[in-house]
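The primary structure of each chain is shown beneath.
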Amino acid sequence: MTEYKTPMMDELEKGPWPSFVTELREAAKGSAMAEDLIGQMEKSYEEKKGLWKHGGIVGVKGYGSGVIGRYSDLPEEFPNVREFHTMRVNQPGGWFYNTETLKKICDIWEEKGSGLFNFHGATGDIILLGTTTAELQPTFDLLSEQGFDLGGSGSALRTPSSCVGPARCEWACFDTLDLCYDLTMAFQDYMHRPAWPYKFKIKISGCPNDCVAAIARSDLSIIGTWKGPIQVRQEAVKEYAASWSIDRYVTNTCPTKAFYYDDEKKEVRIDNANCVRCMNCINKMPKALKPGKERGASLLIGGKATILRSAFMSWVIVPFMKMEPPYTELKDLIGKIWDWWDENAKSRERIGELIYRKGMPEFLRATGLPAVPQMVRQPRANPYVFWDQDDLEK
Amino acid sequence: MTAEAPKKVKTDIGPPNYKDMLSPVLTRNYGKWDYHEVVRPGVMKHTSETGEGLYTVRVGSPRLVSLTFVRTICELADKYSDGVLRFTSRNNVEFLLGEEKNVEPLLQELEEKKLPVGGVGNSMTNIVHTQGWLHCHTPATDASGIVKAVMDDLYEHFTHTDLPSKLRISMACCLNMCGAVHCSDIAILGIHRTPPRIDHERVAKTGEIPSIIASCPTAAIRPDPKNKSVVVAEDRCMYCGNCYTMSPAMEIIDPKNDGIAIMVGGKVSNARIEPEFSRLAIPFLPNNPPRWPEVVEATRNIVEVWAGDAHRGERVAEWIARIGWESFFKRTGIPFSDKHIDDFIFSIPTMRSTTNFKW
């Protein structure tokens, strides 16, 4: 095994934050791939550029996604990363693991790959970072025996992910883990066999705090919410009042001025008709306040990062939907959305970009969703309405 | 002679069921959690309607981890948290302890192993980031190295809860933004600044010309049928690199000119003010490995000015909404130029159409 001189990488082993270079070195003790990866990284640092070839299509039997091909630009110099492919492995919901399972994945990856992981990739998968073409199928077979499967990549449904949900959070307005698991199982084919104009992401957050950034990072954002009054436990209000100023930190920061605090009685009153359910007061006083009892989710569509036509945050399409198994209403709607998108989108056009190009009214007609004021911040400021023939006198 | 039947390929089994990944205390209290409190930096206590308590100890990780790291956290989980752990959406590890008596010994072991505990409440949490030079084929800069340098510098804000509110920093090594940094308090973003260099020999061989043309958001790419290639109207190119994603013959990487932009004031949560995009604060900083001092310094400056100036509870976006962008540039000392003014397709709502502004 070559030992590279790596003065730049060495610099990144200094300092208090856990170092990825230390992790690379740890992996290099048992993997020539990891050793050459360090060498190539040092070279990237010297030349200020990436040294991986562009693209490369590899995979496992029966799948069109889940593996990202990667080849070194300098295979002579770094032969052990000539092939350095990534496998995306679908994470368990909420990123919970028992150690028995994690150790099994470690054993497989020790035998079959570089011994390096990302916990986790940006979409949520476990990333097995670096193996050869020949080891892809055997690795998949071993993972499969342990109950794991690949995630999505390319123009497919990307691995759905959800927040920690009711497993450890008192604010989950529905069972995010169950919904995520249910949708993932129902849509396996769409994940594993790319057949669409482009990628489609689903993220599920149990409340408006949106811990998985669904509104920014997913084409379909499912975000928990409720109807009816916020539940108040006045005796707990008194506990908070004893240690800090409720007026200063809650009343004054309520975005719709719907929160009232009576300092004499040490009691809270909420103008629920004016509450927008932003979670601010609940976040500040978790022991005293809780989401209302009639719970479900808001559905929003079109979130994505900057490429191509600027970043979009998802737009409200269904203000409230109950989220209960078997989630038939949701799945029917998703089917309609995909049909319309698949039919109308150009190559590499995300659903948000298609809706922007065609107009939200056309999307609503195609999916049969009723237009409601909750969908917009304001109505249009122009009279340029596309009238239907049915609207006109014959 | 009968050929051996091919082994049946097992496909589409999906991920393991999350129910099999929960410890007994999590299963018993599933959906019954009542409230929580931050008991010390990096440690939360959740209390269930059943009366049971759960202690979460949050630990920073470099995201890129070795077998050794994973086995180490497994050992700790076996010892202290019923053999169960989880990861957060920002790549932290969480140990979920059913018993209070295990908290102190776990914290001690974590300290011995130099694993930082924090990232809960009014603190900075881990920086979500992309692959960079480590594994990506289109990066403008590295990701892990910048993240390491910034986290080292702001370390005390991870382990303490001394900030006005939570702080979410994200890093993406190019405009594809696999790290989706566009809604972060502070976004560190790799950028290109020169048009693609076209390898005419390879254009037709390595991609479809119509797809390359269609990939350009400003219609700067036109066909060049004579040469079976394309031409780029360089004055229309904004260096997004989308054509390079379509074809390796559209080389966008330029080590001399690639660098880093910093955007600020984004958020995803709905609490108080609405989710907000990050906006350009610093159009360009040099790509300066191994520790990117200019990026580290610029990030610290923004954090310090915000921390010193914001009201308690104010995210960066809320602070800026209150003081105004003109005050943001004044207070941070970041120079404002025409590069900050949007001239892409959704620019109109960003213009000031009122005489209400601050000096």
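Residues numbered from 1 in each chain as written. Chains lettered and ligands numbered in written order. Predicted model: local features only at pLDDT ≥ 70, side-chain atom pairs only at ≥ 80, totals over all residues. Heavy atoms only, no water.

Below, the discussion takes up the overall build of chain A. Secondary structure assignment for chain A yields 14 helices and 14 strands. The dimensions of chain A, computed from C-alpha atoms along their principal axes, are 70 × 70 × 40 Å. Within chain A, buried positions represent 58% of all 394 residues. Taking contacts inside chain A between residues at least 6 apart in sequence as the whole, the part at least 24 apart equals 65%. As displayed, chain A offers around 16300 Å² of accessible surface, 50% of which is attributable to carbon and sulfur atoms. With 50 positive and 53 negative side-chain charges, chain A shows a separation of 5 Å between the mean positions of the two kinds. (Helix = DSSP H or I, 4+ residues; strand = E, 2+ residues; numbered from the N terminus. Buried < 20%, exposed > 50% of the residue type's maximum accessible area, 1.4 Å probe, protein only. Contact = heavy atoms within 4.5 Å. Areas by Shrake-Rupley, 256 points an atom, 1.4 Å probe, with all protein chains shown as cover. Lys, Arg positive; Asp, Glu negative; His and termini not counted. Charge placed at Lys NZ, Arg CZ, Asp CG, Glu CD.)

Let us now look at the pairing of strand β2 (residues 43-48) of chain B. Residues and elements named next belong to chain B. Most of β2 sits inside the fold, with five of its six residues counted as buried. The sheet contact formed by strand β1 (residues 33-40) and β2 spans six bridges and is antiparallel. Paired with Trp33 across the two strands is Ser48, which belongs to β2. Taking the residues that link successive antiparallel strands as the turn, the β1-β2 hairpin has two residues, and the phi of Gly42 there is positive, at about 85°. Judged from the five bridges that link them, β2 and strand β3 (residues 53-59) form a sheet pairing that is antiparallel. Residue pairing in the sheet places His46 in a bridge with Leu54 of β3. Two successive antiparallel strands, β2 and β3, enclose a turn made up of four residues, where Gly51 displays a positive phi of approximately 95°. (Pairing = 2+ DSSP bridges.)

Glancing now at the sheet that holds β3 of chain B. Across a sheet, strands are paired by hydrogen bonds formed along the backbone, either parallel or antiparallel in direction. Strand order in the open sheet formed by six strands is β3(A)-β5(B)-β6(B)-β3(B)-β2(B)-β1(B), and the pairing between neighbours is antiparallel. At either end of the open sheet lies a strand with only one pairing partner, and these are β3 (96-98) of chain A together with β1 of chain B. Ignoring which end each strand starts from, the neighbouring axes of this sheet average 25° apart. Against the sheet, helix α2 (residues 67-80) of chain B touches β5 (84-87) and β6 (93-97) of chain B, its axis set at about 15° to β6 of chain B. (Axes fitted to C-alpha atoms, helices over the stretch in contact; angles between N-to-C directions.)

Another point: the state of the cysteines. Residue and element names in this part refer to chain A. In the structure shown here, the tally under the stated rule is zero disulfides over all chains. In this model Cys211 remains outside any disulfide bridge; the closest cysteine sulfur is found in Cys207, 6.3 Å from its own. Relative accessible area serves as the criterion here: at 53%, Cys211 is assigned to the exposed category. (Disulfide = S-S within 2.5 Å.)

What follows is about a nonpolar patch on the surface. Side chains of Val385, Trp387 and Leu392 of chain A sit close together on the surface and give an oily, nonpolar patch of about 310 Å² of accessible area. In this fold, Trp387 of chain A is placed in the segment after α14 (360-367). (Patch = residues over 30% accessible without salt bridge, like charges linked within 9 Å, V, L, I, M, F, W, Y side chains within 5 Å. Salt bridge = Lys/Arg side-chain N within 4 Å of Asp/Glu carboxyl O.)

Turning to the environment of Cys173 of chain A, a few remarks are in order. Residue and element names in this part refer to chain A. Tracing the backbone shows Cys173 in the loop between β6 (161-162) and α6 (176-186). C-alpha separation for the pair Cys173 and Glu393, spaced 220 residues apart in sequence, amounts to 47 Å. The residues touching Cys173, leaving out its near neighbours within four places in the chain, are Gly206, Gly224, Thr225, Trp226, Pro291, Arg295 and Gly296.

Next up on the list: the pattern of salt bridges. On inspection of all chains with the given rule, the structure shows 43 salt bridges over all chains. With its nearest N and O atoms 3.1 Å apart, the salt bridge here joins Glu77 of chain A to Lys43 of chain A. In this pair, Glu77 of chain A is assigned in the loop between β1 (67-68) and β2 (85-89) and Lys43 of chain A in helix α3 (residues 32-47), connecting sequence segments 34 residues apart. Here Glu276 of chain B and Arg279 of chain B are joined by a salt bridge, their closest N and O atoms 3.1 Å apart. Of the residues examined, Glu276 of chain B reaches a relative accessible area of 28% and is grouped as partly exposed.

Residue Leu308 of chain A is bonded to the preceding Ile307 of chain A through a cis peptide linkage, with omega at 15°. Note on placement: Leu308 of chain A falls in the loop between β13 (294-301) and β14 (315-321). Of the consecutive residues Pro289 of chain B and Pro290 of chain B, the connecting peptide bond is found in the cis state with omega at 10°. Note on placement: Pro290 of chain B falls in the loop between β15 (279-286) and α9 (293-309). The backbone phi angle of Tyr327 of chain A is positive, close to 55°, even though this residue is not glycine. Within the element layout of this structure, Tyr327 of chain A appears in the loop between β14 and α12 (328-344). Its relative accessible area of 3% is what places Tyr327 of chain A among the buried residues. Positive phi is not limited to glycine here, since Asp12 of chain B has a value of about 55°.

With that settled, the discussion passes to the packing of aromatic side chains. Going through the model one piece at a time under the given rule, you end up with 36 aromatic pairs over all chains. An angle of 40° between the planes, with centres 6.1 Å apart, marks the rings of Trp133 of chain B and Trp292 of chain B as tilted. Of this pair, Trp133 of chain B sits in the loop between β7 (128-129) and α4 (144-153) while Trp292 of chain B sits in the loop between β15 and α9; the two residues are 159 residues apart in sequence, bridging distant segments of the chain. Of the two residues, Trp133 of chain B and Trp292 of chain B, both sit in the buried class. Members of the aromatic cluster, joined through ring pairs, are Phe187, Tyr190, Trp196, Phe200, Trp338 and Trp341 of chain A. The residue whose ring lies beneath Arg193 of chain A is Tyr63 of chain A, and the NZ or CZ to ring-centre distance is 5.4 Å. A cation over an aromatic ring shows up here: Arg86 of chain B above the ring of Phe96 of chain A, its NZ or CZ 5.4 Å from the ring centre. (Phe/Tyr/Trp six-rings, centres within 6.5 Å; stacked < 30°, edge-to-face > 60°. Lys NZ or Arg CZ within 6 Å of the ring centre and 35° of its normal.)

A few words now on the domain arrangement of chain B. Residues and elements named next belong to chain B. One can read the domain layout of chain B as domain 1 (18-112), domain 2 (128-193 + 256-344) and domain 3 (197-251). For domain 1 and domain 2, the distance between their C-alpha centres works out to 29 Å. The partner domain 2 presents 12 residues to the 10 residues of domain 1 that form the contact. Counting each side, the surface lost to burial between domain 1 and domain 2 is near 800 Å², with a carbon and sulfur contribution of 55%. (Domains from an automatic or database assignment. Buried area = accessible area lost by both parts, 1.4 Å probe.)

What follows concerns the side chain of Arg58 of chain B. Residue and element names in this part refer to chain B. In this structure, Arg58 sits in strand β3. Residue Arg58 is classed as buried on the basis of its relative accessible area, which comes to 14%. Polar contacts involving the side chain of Arg58 include one to the main-chain carbonyl oxygen of Gly119, which spans 2.8 Å. (Polar contact = N/O pair within 3.5 Å; in protein donor to acceptor, adjacent residues only side chain to side chain.)

Our focus in this paragraph is the nonpolar core. Formed by 64 residues in total, the largest nonpolar core has its most connected members in Tyr45 of chain A together with Leu167, Ile262, Val295, Trp319 and Phe328 of chain B. Ranked by the residues each element gives to this core, the list is headed by α9 of chain B, at seven residues. The residues contacting Leu167 of chain B, other than those within four sequence positions of it, are Ser123, Met124, Thr125, Asp185, Ile186, Val303, Trp306 and Val316 of chain B. (Core = buried A, V, L, I, M, F, W, Y, C linked by side-chain atoms within 4.5 Å.)

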